[in-house]
Amino acid sequence: MQNFIFLIDRFDGTNSWRQRYEFPHKPGMTVLTCLIHIKENLDPTLNFTASCRSAICGACAVRVNGNALLACDTMVDDLREQWGDGPLTVSPLGNAEVISDLVVKWDEKVNRLRLANPGLHAKKEFSAHEGCRQAPQDMQAIQKQWDCILCGSCMSECNKLSDSSKDFLEPFTYTHAARYAEDSRSRNPLEHMENMEKSGMWKCLHCMECVTKCPKGISPAGAIASLRELAFKAGHTDGPGPRHADAFRTDLENTGRLNEVKLVPRTEGMVSAATKRLPFTLRMFARGKLGPVEAARLFVADNHRVEDHDGLKRILKANRK
Amino acid sequence: MQKTYAFFPGCVLHAAAKEAETSAVAVAKRLGINLKEIPGWTCCGASHVQDIDPETALLANARNLALAERMGLTLVTACSTCALMLRQAKATLLDGRLDWANERLAEAGLKLEGTVEVRHLLWELADGCDEWAAKVSHPQAHLRVAPFYGCHTVRPPQVMDYESHLNPQSLEKVIRACGATPVTIPERLKCCGFHAVFPAETSAHRLTASAVNSAAEAGADCLLTPCPLCHMQLDMYQPDALSTACGDTPVPVLHLTQLLAMALGLDAKAIGLGRHIVDTKPLLASSGSA
Ligand code: SF4
Ligand code: SF4
Ligand code: FES
């Protein structure tokens, strides 16, 4: 077997560079055992974090060829199956400030995590003496999210976070909010959701990087969806996010298909549709993306109802009984 | 290829992305593929209905799947979000919600066994590459094409498991079979921003601009996507995106089947090349851009 070649992104506080390390292949090595091998035998100045070596502490997440993973839980031979036997590039997690080499800064992220109001505030009927009983199926609903080890893999390639962290949180923060909000023992689920609503909950792009990268199979995007559902059902239906989603549901129920002409006014209101979006609409007409006659018909009337739309209505009605 | 599919066009192929439907149908016809539209299909929920009313979305998709299953054919869709929503729904239904759904589907005389396969048109075309490559009469050798997969084409890999989500090659395969040259851009597997273009408009536009600017810098003649929603974002919103993020070189965006149609020598009008916001004329071999 060919030697392992690691190209590691280094940073000493001032300078950044990419450094090459080559060492003999041994079967059964994880990314972490390789990093330890480098530090012990080739370069004691290399910095990285790790502790449990058992995929429990969450300290060892890094990026290999641009994708986050747990160093202690990833076999290099498996990586070679994906990427071939050539060099592997190892870099610190994305969407995080680098302190040194593969070590990133967590302080600010932990502060932002507090926005989720982590911690269970139990319903009145529970007491310290009696405890908080929970049915098995209620526990199952939140069990997965309790597996979060705060490794940060979900934030590393989050497309929304890469664009801006000013109006969006690390995906795991939504996971933590959802696990309290959805807990059947929670006194006030909304107290975990409301800060999320103010901090980007409707701005998730549905890019699915978080669920793809989570080593514990958790879906932060799914947590965001359940927080949105909670908000919507609690009557928080204003704003472009909820209105947009509601427009889709209205069309699905009314005719079966999306009415693209009504989508903008339903999402942003008539004024915006008629002013801010005007250049867009005119462009659509000019290039034949939308015919004015058809647009007018869709605006005053609607799509034709799909075949057996009555059947669809009966199905949905049966569910609301 | 002589195959018949239950075709799920999805809402936008009947609306702003009509050209994606015309070109899919034209290509299918030329390749001997029969796309039989599923009668009465509805919106897949587009990930939005799923957010606020997951049961309504799940039932609508149970109905969509049951309609296709009744045809006894593999369901094929030309939209990545539709593919993900339908595949996700099938997985959820098979994981303990099938009886629940069937009780309700019975109201419309439908029943779902859960045997129907859900495939992306991209996967069928990539699998059939060796067969149809022989029919390529107009190799697009003058074109450098930047593939843009779109998130839901490959993620999450638990549901979209056709190929490696870290390094998919199906689009490159199709591009090469059309005689064109793939050009890799850093945004190849990134998000176009479409699903949050209203609540996170600036982010969406910057993501779009980033893909367009990279394609321009890499000397690509066009972007190519298998997802009509990515297409809407990258093409329809491109002027706004470039003005948000200070890009100055527009890059045309092709639907997957449009490139194929060009390689098969189909008429540019018939495949809606004029229905784009960013001008596609420079892509035609006769325009002298070669
Ligand atoms: S789905 Fe949303 S939270 Fe998850 S990575 Fe994408 S933008 Fe971030
Ligand atoms: S949700 Fe998953 S990827 Fe994100 S921090 Fe928790 S364990 Fe890590
Ligand atoms: S070292 Fe603890 S999770 Fe890897």
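Just so it is clear, the model here is predicted, and its values are computed rather than measured.

Caption draft 1: How the structure looks around the overall build of chain B. If you tally the helices and strands in chain B, you get 12 helices and 8 strands. Taken over C-alpha atoms, the radius of gyration comes to 19 Å for chain B, in line with the 19 Å a tight globule of 290 residues would show. The principal-axis extent of the C-alpha atoms belonging to chain B is close to 60 × 45 × 30 Å. Split into buried and exposed, the 290 residues of chain B put 66% on the buried side. Long-range contacts, defined here as pairs at least 24 residues apart, represent 79% of the contacts in chain B between residues at least 6 apart. Accessible area for chain B stands at about 9,500 Å²; split by element, carbon and sulfur atoms hold 51% of it. Taking the average place of the 24 positive charges on the side chains of chain B and the average place of its 29 negative ones, the gap between the two points comes to 5 Å.

Caption draft 2: Highlighting the domain arrangement of chain A. Taken as a whole, chain A is organised into domain 1 (3-104), domain 2 (107-233) and domain 3 (240-320). The distance between the C-alpha centroids of domain 2 of chain A and domain 3 of chain A comes to 32 Å.

Caption draft 3: Broad picture of the site of ligand 1. Residues and elements named next belong to chain A. In the neighbourhood of ligand 1, 13 residues make up the surrounding shell, with Cys-158, Cys-204, Cys-207, Met-208 and Cys-210 lying closest. Secondary-structure elements contributing two or more residues to the shell around ligand 1 are helix H9 (209-213) and helix H10 (220-233). For the shell around ligand 1, a count of residues per class yields 10 nonpolar, 1 polar and 2 charged.

Caption draft 4: Highlighting the interface of chain B and chain A. Contact with chain B, which involves 64 residues of that partner, is made by 60 residues of chain A. Counting each side, the surface lost to burial between chain B and chain A is near 5,600 Å², with a carbon and sulfur contribution of 60%. It is B:Asp51, B:Ile52 and B:Phe198 in chain B that bury the most area against chain A; as a group they hold 15% of the surface buried on that side. Summed over the shared surface of chain B and chain A, the result is 7 salt bridges. Note that B:Arg155 and A:Glu209 form a salt bridge whose closest N and O atoms lie 3.1 Å from each other. At the boundary of chain B with chain A, the tally comes to 29 residue pairs in polar contact (both at pLDDT 80 or more).

Caption draft 5: Just the pattern of salt bridges, in detail. Per the stated rule, a full pass over the model turns up 37 salt bridges over all chains. A salt bridge links A:Arg80 to A:Asp85, with the nearest nitrogen and oxygen atoms 3.9 Å apart. The class for A:Arg80 is buried, based on a relative accessible area of 7%. Owing to a relative accessible area of 31%, A:Asp85 belongs among the partly exposed residues under this scheme. In this structure, A:Arg320 and B:Asp53 form a salt bridge, with 3.6 Å as the shortest nitrogen-oxygen distance. Of this pair, A:Arg320 sits in helix H16 (residues 309-320) while B:Asp53 sits in the loop between helix H2 (48-52) and helix H3 (54-71), on two different chains. The exposure class assigned to B:Asp53 is buried, which follows from its relative accessible area of 11%. Residues participating in the shared-partner salt-bridge network are A:Arg63, A:Glu157, A:Glu209, A:Lys213 and B:Arg155.

Caption draft 6: Structural detail: the sheet that holds strand E4 (residues 118-120) of chain B. Residue and element names in this part refer to chain B. Within the open sheet, the 4 strands sit side by side as E2-E1-E3-E4. Their pairing is parallel. The open sheet is flanked by strand E2 (33-37) and E4, the only strands paired with a single partner. Adjacent strand axes in the sheet meet at a mean angle of 40 degrees when their direction is disregarded. Direction of pairing for strand E1 (residues 3-8) relative to strand E3 (residues 75-77): parallel, over a ladder of 3 bridges. Across the sheet, the residue bridging to Phe-7 is Val-76, located in E3. Strands in contact with helix H1 (residues 18-31) are E1 and E2; relative to E2, the strand with the most contacts, it is inclined by about 140 degrees. Strand contacts of H3: E1, E2, E3 and E4, with the helix running at about 160 degrees to E1, the strand carrying the most contacts.

The rules we used
Residues numbered from 1 in each chain as written. Chains lettered and ligands numbered in written order. Predicted model: local features only at pLDDT ≥ 70, side-chain atom pairs only at ≥ 80, totals over all residues. Heavy atoms only, no water. Helix = DSSP H or I, 4+ residues; strand = E, 2+ residues; numbered from the N terminus. Rg over C-alpha atoms; globule rule 2.2 N^0.38 Å. Buried < 20%, exposed > 50% of the residue type's maximum accessible area, 1.4 Å probe, protein only. Contact = heavy atoms within 4.5 Å. Areas by Shrake-Rupley, 256 points an atom, 1.4 Å probe, with all protein chains shown as cover. Lys, Arg positive; Asp, Glu negative; His and termini not counted. Charge placed at Lys NZ, Arg CZ, Asp CG, Glu CD. Domains from an automatic or database assignment. Near = heavy atom within 4 Å. Nonpolar A, V, L, I, M, F, W, Y, C, P; charged D, E, K, R; others polar. Buried area = accessible area lost by both parts, 1.4 Å probe. Salt bridge = Lys/Arg side-chain N within 4 Å of Asp/Glu carboxyl O. Polar contact = N/O pair within 3.5 Å; in protein donor to acceptor, adjacent residues only side chain to side chain. Pairing = 2+ DSSP bridges. Axes fitted to C-alpha atoms, helices over the stretch in contact; angles between N-to-C directions.

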